[in-house]
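Below are the chains, spelled out letter by letter.
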Amino acid sequence: MDSITKVIRWIDYRLPFFSFIDHELRGYPTPKNLNYWWNFGSLAGITLVIMILSGIFLAMHYEPNTKEAFDSVEYIMRNINYGWFLRYLHANGATMFFIVVYIHMFRGLYYGSYKAPRELLWMLGVIILLLMMATAFMGYVLPWGQMSYWGATVITNLFSVFPFGESIVEWLWGGFSVDNPTLNRFFALHYLFPFLIVGVVILHLIALHQHGSNNPLGIDRKEPRDSIPFHPFYTVKDMFGLGLFGLVWAYFIFFNPNFFGEPDNYIPANPLVTPAHIVPEWYFLPFYAILRSIPNKLLGVLCMFGAVMILFFLPWLDTSKVRSATFRPYYKWFFWGFVIDCFILGFVGAHSPDHIFADFGNLSNQTLGQLTTAFYFAFFLLALPLLGIFEKHKPLPKSLSEPVLKKSIIVLTLLTLSHTCSAEDTPSIPQEKWSFEGPFGTYNREDLQHGFQIYQQVCSTCHGLKHVRYRDLAALGYNAEEIKAIAAEYKVEAIDEDGNVIEKPATPIDTIAGPYKNEKAARAANNGAFPPDLSLITKARPGGPNYIYALLTSYEEVPPKEVQIAEGMHYNPYFPGGQIAMIPPLNSGVVTYDNGAQPSVNQMAKDVVTFLAWAAEPELEERKRMGYKVLIYFAIFTGLMYFLMKRIWARVKD
Amino acid sequence: MTEGTLKPQSHKPTRRDFLLLTASAVGAVGTAYFTWPFIDSMNPAADILAQSTIDVDLTPIPEGQAITVVWRGKPIFVRKRTAEEIRAAEQTPLSELIDPEADQARVKKGHDQWLIVVGICTHLGCIPTGNKPTQNRGKYGGWSCPCHGSLYDTSGRVRHGPAPLNLSVPPYAFLSETHIRIGTDEVTHG
Ligand code: FES
């Protein structure tokens, strides 16, 4: 016996750590017929760990203060090493977590994994879901953008329907509106809850290991040959699943990081203006739809909470003794009906309540929401209890070793539903070609420099770029000397030896501040309008660069007859409402490029939008480069795991 | 218990072993790479690194005194030494020193008057006094540390007490007779 074994024996005799691992992870007998739908439990666990890790590292840089929060997130994105990666990993991770957990739950629903003796296992899972929802909601508040703020306001106001609601809501806020105390406590709790989730996950696993996994046939294991040890069979299968999952997650992080986000959340929170379309994150949409479909406030809130709470009673609402839907000819149809219903509810939640679907016989979104809400509850309260009584199930196989099902993976293409909010009366935005779009796109350096020139000579008279530092302009191809010279043209405030506020030339580490000292000064100088900071403008508007381009190129001197233009306003069909305070900024002749060219308005718009896109996403090129490496890595990893899995599983007899 | 379901392991282990090894290696390398962004995120951020040099104007410093400037969050003493102080520093025999180092090695050639050191006691990090002649400079005329009594001479070298090392000299360069840049050894122009 070598010395390592001795040490292990010594420890294990006192603290049975190694035998625990051996028993619960390596040898743990698992049904041999689990299909790929069983991968999602381990994926959820891995996602939880990655979320906690990335969250801890983000928390090291985040400032939970209403004055700092938004800027600190941008600071992470622009200055912290790999900060953009950590943030996009975390933000898209929330989406991935919900996808995985929802699939995991639907799998449980299909195969009856909640039935005796696994009721508590299921209920612990529902608690995890509730904690996840609370965590995700509070996390979404932290960047302190417009959606954060108004999401927090709307969700906390839900509690006002309960007795003493007013006091409950004020207690949640720590004030009379969502404000700094709210942000502070949300941050504290957002940090705490994941660890509560870990605790409940441990209970979930203990409950799981008591009776072992359910399986696609839903029958108990009777003979030893029905089981195989967890390792290496399911470890390798989980690794294969992880590889595919990594591909999907990495795609979003590196190539489409704001796909699930809302442009409005790149606008700093403003307690006085609610965004035109306020929608929750996609994973709350079905519940949001239920809330809105019911015209009574109290009833709506109760139904929304009830839609989750009803899951606790699922083990008793389903009266059938047969677990797997495979042997329940009617239940199977109801199950798929329920899945579709959930998607339609999500679709309803993504559209405004007064939306009319002209293609579907002028069905109103409200009616659709009510129908699907009714079906949602009918599934649990009518279908499940009654099916158990009236349904005749198919004969069950005697043991797992009789048939083994082979199922393949279904690709997740169902998530585009939430992205259908369209602007109502503004014309649709034409698509331009951009050097930086697509998976291989990079910023054209010449366009960037020209764009910056236009920013300096035109935009900067009203707009700042406060998240960009002069030194960042190195990415445009300027050298240190040129950057110093550019910075020196601007003034920053400083305090001199005697305590007086003086102005001195900016240095490369200063940010490109706007011309106004504060919002009031800006409004006074601009006919009451507030020229927004442009650092994030292409990310903060639906349509992104195309919208900004359309806006810059579509001023019309003579508005259509039916449009009344207010004093000092200008007609622009792409601006919401059609009237904009900004004077047409680009006219031919306002700038002359270094090469002597006098660009056309369209050319100028193109250049300045390219520059602004860079200002909003300076990490884009690095992000895509890293993305390719990561995708190639996961492709190789997945391939290797696939072949390894095939070889290892070749030993299992059907 | 579980063996019944498995075929006897075939004795052609090479291919699977190779596959297993490759897969594990790829997994391990990936995990290692994955940890790097997390670790690197704790390093000084891009804008903090960019502030890693500062320029100091020497003209307002009177002879026999020092000023404190902040470089990378640390106090830097910039001292204009008197002729006497320079002589004292140069003539101290190395054998009397705790951390032997010649004065010439601690100043820039031709700029003997200027002593630039990190103002952090090498014992446990307190800030020594002695920038102004009115402050306690200790018996060696440089600085004295209020915490545990370490004494430094006019070259910033430790002469007494628990501190083991001389006050360290940061990288710096003369931009002109009256300006220095702390944080870099070379002068790039600008
Ligand atoms: S810290 Fe200066 S003597 Fe201890």
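Definitions and limits used
Residues numbered from 1 in each chain as written. Chains lettered and ligands numbered in written order. Predicted model: local features only at pLDDT ≥ 70, side-chain atom pairs only at ≥ 80, totals over all residues. Heavy atoms only, no water. Helix = DSSP H or I, 4+ residues; strand = E, 2+ residues; numbered from the N terminus. Buried < 20%, exposed > 50% of the residue type's maximum accessible area, 1.4 Å probe, protein only. Lys, Arg positive; Asp, Glu negative; His and termini not counted. Charge placed at Lys NZ, Arg CZ, Asp CG, Glu CD. Salt bridge = Lys/Arg side-chain N within 4 Å of Asp/Glu carboxyl O. Pairing = 2+ DSSP bridges. Phe/Tyr/Trp six-rings, centres within 6.5 Å; stacked < 30°, edge-to-face > 60°. Axes fitted to C-alpha atoms, helices over the stretch in contact; angles between N-to-C directions. Contact = heavy atoms within 4.5 Å. Polar contact = N/O pair within 3.5 Å; in protein donor to acceptor, adjacent residues only side chain to side chain. Nonpolar A, V, L, I, M, F, W, Y, C, P; charged D, E, K, R; others polar. Disulfide = S-S within 2.5 Å. Parallel < 35°, antiparallel > 145°, perpendicular 65-115°, else oblique.

Participant: Mind showing me how you'd approach the overall build of chain A here?
Facilitator: When helices and strands are tallied, chain A shows 21 helices and ten strands. In terms of overall dimensions, chain A has a C-alpha envelope of 85 × 70 × 50 Å along the principal axes. Counting all 654 residues of chain A, 50% fall into the buried class. Here chain A contributes 50 positive and 54 negative side-chain charges, whose respective centroids are spaced 16 Å apart.

Participant: Please clarify how the pattern of salt bridges should be interpreted in this entry.
Facilitator: Residue and element names in this part refer to chain A. Per the stated rule, a full pass over the model turns up 25 salt bridges over all chains. R225 is the partner of E223 in a salt bridge, and the nearest nitrogen-oxygen pair spans 2.9 Å. Residue classification places E223 among the partly exposed positions, given a relative accessible area of 29%. The partly exposed category is assigned to R225, whose relative accessible area is 39%. One salt bridge connects R328 with D318, and the closest N-O pair in it is separated by 3.4 Å.

Participant: Before we go on, may I ask you to explain the pairing of strand β8 (residues 172-176) of chain B in this structure?
Facilitator: Two faces, one strand: in a regular strand the side chains alternate between the faces of the sheet. Residue and element names in this part refer to chain B. Sheet analysis places β8 next to strand β9 (residues 179-182), joined by four bridges and oriented antiparallel. Residue pairing in the sheet places F174 in a bridge with I180 of β9. Between the antiparallel neighbours β8 and β9 lie two residues.

Participant: How should the packing of aromatic side chains be read in this particular structure?
Facilitator: Aromatic ring pairs are defined here through the distance separating the ring centres and the angle between the ring planes. Residue and element names in this part refer to chain A. For the coordinates displayed, the defined rule picks out 70 aromatic pairs over all chains. Ring centres of F233 and W649 lie 5.6 Å apart, and the angle between their planes is 80°; this geometry places the pair in the edge-to-face category. One end of the pair, F233, is in helix α10 (residues 230-255); the other, W649, is in helix α21 (residues 620-649), with 416 residues separating them in the sequence. Neither residue differs from the other here; F233 and W649 are each classed as buried. Here the aromatic rings of F252 and F260 are separated by 4.8 Å at their centres, their planes lie at 55°, and the arrangement is tilted. On the basis of relative accessible area, F252 is assigned to the buried category, the value being 12%. According to the relative accessible area criterion, F260 is buried, its value standing at 6%. A connected cluster of aromatic rings, assembled from ring pairs, spans W38, F106, Y110, Y111, Y331, F335, W336, F338, Y376, F377, F379 and F380.

Participant: Quick question: what am I supposed to make of the sheet that holds strand β2 (residues 66-71) of chain B here?
Facilitator: Pairing between sheet strands relies on hydrogen bonds along the backbone, with the strands arranged either parallel or antiparallel. Residues and elements named next belong to chain B. The strand order across the open sheet formed by three strands is β2-β3-β4, and the pairing between neighbours is antiparallel. Both outer strands of the open sheet, β2 and β4 (114-118), are each paired with one neighbouring strand and no more. Shown here is a sheet whose adjacent strand axes are inclined to one another by a mean of 25°, direction ignored. With five bridges connecting them, strand β3 (residues 74-80) and β4 associate as antiparallel partners. What sits directly across from K80, in β4, is W114.

Participant: Even after reading the chapter, I still don't get the interface of chain B and chain A, so can you show me in this structure?
Facilitator: Quoted interface sizes are often the accessible area lost when the parts come together. Counting residues at the interface gives 35 residues for chain B and 40 residues for chain A. Across the contact surface, chain B and chain A share one salt bridge. The partner of R469(A) in a salt bridge is D47(B), with the nearest N and O atoms 3.6 Å apart. There are seven residue pairs in polar contact (both at pLDDT 80 or more) connecting chain B and chain A. For the side of chain B that touches chain A, the elements supplying multiple residues, two or more each, are α1 (13-40) and α2 (46-50) of chain B. A per-element tally of the side of chain B that touches chain A places α1(B) first, with 15 residues. By residue class, the composition of the side of chain B that touches chain A is 17 nonpolar, twelve polar and six charged.

Participant: Honestly, helix α4 (residues 69-78) of chain A in this entry has me stumped. Any pointers?
Facilitator: Side chains three or four residues apart in an α-helix point the same way, a direct result of the helix having 3.6 residues per turn. All names here are of chain A. For α4, a buried count of eight out of ten residues is recorded, marking the element as mostly surrounded by other parts of the structure. Burial in α4 covers these residues: A69, F70, S72, V73, E74, I76, M77 and R78. Buried-residue contacts for α4 involve α3 (39-59), α5 (83-110), α9 (180-211), β5 (465-469) and α20 (601-616).

Participant: How should the pairing of β5(A) be read in this particular structure?
Facilitator: All names here are of chain A. Of all five residues in β5, four are buried; the element is thus mostly enclosed. Looking at chain direction, β5 and strand β8 (residues 511-512) are connected through two bridges and run antiparallel. If you follow L465 over to β8, its bridge partner there is I512.

Participant: Could you clarify how one ought to interpret the state of the cysteines in this entry?
Facilitator: What makes a disulfide is a covalent bond joining the sulfur atoms belonging to two cysteines. All names here are of chain A. Enumeration over the complete set of coordinates arrives at one disulfide over all chains. With no disulfide partner, C303 has as its closest neighbouring cysteine sulfur the one in C342, 15 Å distant. Counting only cysteine sulfurs, C459 is the nearest neighbor of C462, a cysteine outside any disulfide, at a range of 9.1 Å. Since its relative accessible area comes to 25%, C462 is described here as partly exposed.

Participant: I'm lost on the packing of helix α1 (residues 3-14) of chain A against helix α2 (residues 17-26) of chain A in this one. Help?
Facilitator: Each pair of packed helices can be summarised by the angle the axes make with each other and by the distance between the axes. Residues and elements named next belong to chain A. The N-to-C vectors of α1 and α2 enclose an angle of 90°; their axes lie 6 Å apart at closest approach. Considering the angle they form, α1 stands roughly perpendicular to α2. Contacts between α1 and α2 involve I8, I11 and D12 from the first element and F17, F18 and S19 from the second. Tallied by class, residues from the contact of α1 with α2 come to four nonpolar, one polar and one charged.

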